[in-house]
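Spelled out from the first residue to the last, the chains are:
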Amino acid sequence: MKIRRLEIEHTYDFDLYAVVSSVKEYKLAWALNKLLDLRLIKQKDLCYELLGKGHLLISNYLYATEYSQVRLLRNKALGTANLKKPFLLPDIKEYDYVLQITGGLQQLYPQELIQKILRTPLVEYVCKIDPRTLKFKENLIF
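Values in this document were obtained by computation on a predicted structure and should not be read as measured data.

S.K.: I'm lost on the sheet that holds strand β6 (residues 68-74) in this one. Help?
M.R.: Backbone-to-backbone hydrogen bonds join strands into a sheet, with any given pair of strands oriented parallel or antiparallel. In spatial order, the strands read β2-β5-β6-β7-β1-β8; together these 6 strands make up an open sheet with antiparallel pairing. Every interior strand has two partners, whereas the edge strands, β2 (41-42) and β8 (125-129), have only one. Contacting β1 (14-20), β5 (60-64), β6 and β7 (97-103), helix α1 (residues 25-36) crosses the sheet at an angle of about 150° to β6.

Written out as structure tokens, the structure is:
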């Protein structure tokens, strides 16, 4: 009997920024709202069930319009995750937050956006990441 495999290729049509900040997510969302003229609103936490290992609860803020979407995600799981790697994206565990931008707001120049975000003293470091290079990039598909 022949074995067939189903291979699904996702499109990663969003910009991804990794952020280092020691503040709580609501305070970072507030600062980004002021800086970028957004309205990031707390959504239900994302829950990832890991087979036989437990689950990850990820803090989730969203700003959505007809043409674009901005999502602020905490990289480290909420609460006490008894996992070896309690991160949304374990490949970039040194970053505290992930900013995912889809649609019209992607037209912003990455360097300008990074410089704008760095204007707040709440953010220590920001960099743009190519999501296709991440091992756990499927965690960013909603």
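Moving on, there is more to tell.
S.K.: Mind showing me how you'd approach unusual backbone geometry here?
M.R.: Most peptide bonds are trans, and most residues other than glycine sit at a negative phi. A positive phi angle, close to 55°, is found at D37, a residue other than glycine. Of note, D37 is situated in the loop between α1 and β2.

S.K.: Would you take a moment to explain α1 for this structure?
M.R.: Each α-helix turn comprises 3.6 residues. Residues three or four places apart therefore point the same way. Its 12 residues place the ends of α1 16 Å apart at the C-alpha level, agreeing with the 16 Å of an ideal helix rising 1.5 Å per residue. Looking at α1, one finds that the buried residues are E25, L28, A29, A31, L32, N33 and L36. Next to the buried residues of α1 lie β1, β5, β6, β7 and α2 (110-118). Positive backbone phi, approximately 55°, marks D37, located one or two places after α1.

S.K.: Even after reading the chapter, I still don't get the packing of aromatic side chains, so can you show me in this structure?
M.R.: Centre distance and the angle of the planes are the two values used to describe a pair of aromatic rings. Here the structure, examined in full by the defined rule, presents 1 aromatic pair. A ring pair is formed by Y95 and Y125, whose centres lie 6.3 Å apart and whose planes are at 25°; its orientation type is stacked. A residue pair is termed long-range when its members are at least 10 positions apart, and Y95 in the loop between β6 and β7 and Y125 in strand β8 qualify at 30 residues. Residue Y95 is classed as buried on the basis of its relative accessible area of 14%. Classification of Y125 as partly exposed rests on a relative accessible area of 44%.

S.K.: Explain the pattern of salt bridges here, please?
M.R.: Close approach of charged atoms lets side chains of opposite charge pair. Tallied over the entire structure, the rule returns 4 salt bridges. The salt bridge partner of E25 is R74, with a shortest N-O separation of 3.3 Å. Of this pair, E25 sits in helix α1 while R74 sits in strand β6, and the two are 49 residues apart along the sequence.

S.K.: Looking at this model, I keep getting lost on the packing of α1 against α2. Mind explaining?
M.R.: When two helices pack together, their arrangement is given by the angle between the helix axes and by the axis-to-axis distance. At a minimum axis separation of 10 Å, α1 and α2 run at an interaxial angle of 125°. The angle between α1 and α2 falls in the class oblique. Our pair here, α1 against α2, has a crossing hand that is right-handed. Here α1 contributes L32, L35 and L36 to the contact with α2, which in turn contributes L113, K116 and I117. Residue composition of the contact of α1 with α2, grouped by class: 5 nonpolar, no polar and 1 charged.

Each value, and the rule that gives it
Residues numbered from 1 in each chain as written. Predicted model: local features only at pLDDT ≥ 70, side-chain atom pairs only at ≥ 80, totals over all residues. Heavy atoms only, no water. Pairing = 2+ DSSP bridges. Helix = DSSP H or I, 4+ residues; strand = E, 2+ residues; numbered from the N terminus. Contact = heavy atoms within 4.5 Å. Axes fitted to C-alpha atoms, helices over the stretch in contact; angles between N-to-C directions. Expected span 1.5 Å × (residues − 1). Buried < 20%, exposed > 50% of the residue type's maximum accessible area, 1.4 Å probe, protein only. Phe/Tyr/Trp six-rings, centres within 6.5 Å; stacked < 30°, edge-to-face > 60°. Salt bridge = Lys/Arg side-chain N within 4 Å of Asp/Glu carboxyl O. Parallel < 35°, antiparallel > 145°, perpendicular 65-115°, else oblique. Left-handed = near helix turned anticlockwise from the far one by under 90°. Nonpolar A, V, L, I, M, F, W, Y, C, P; charged D, E, K, R; others polar.

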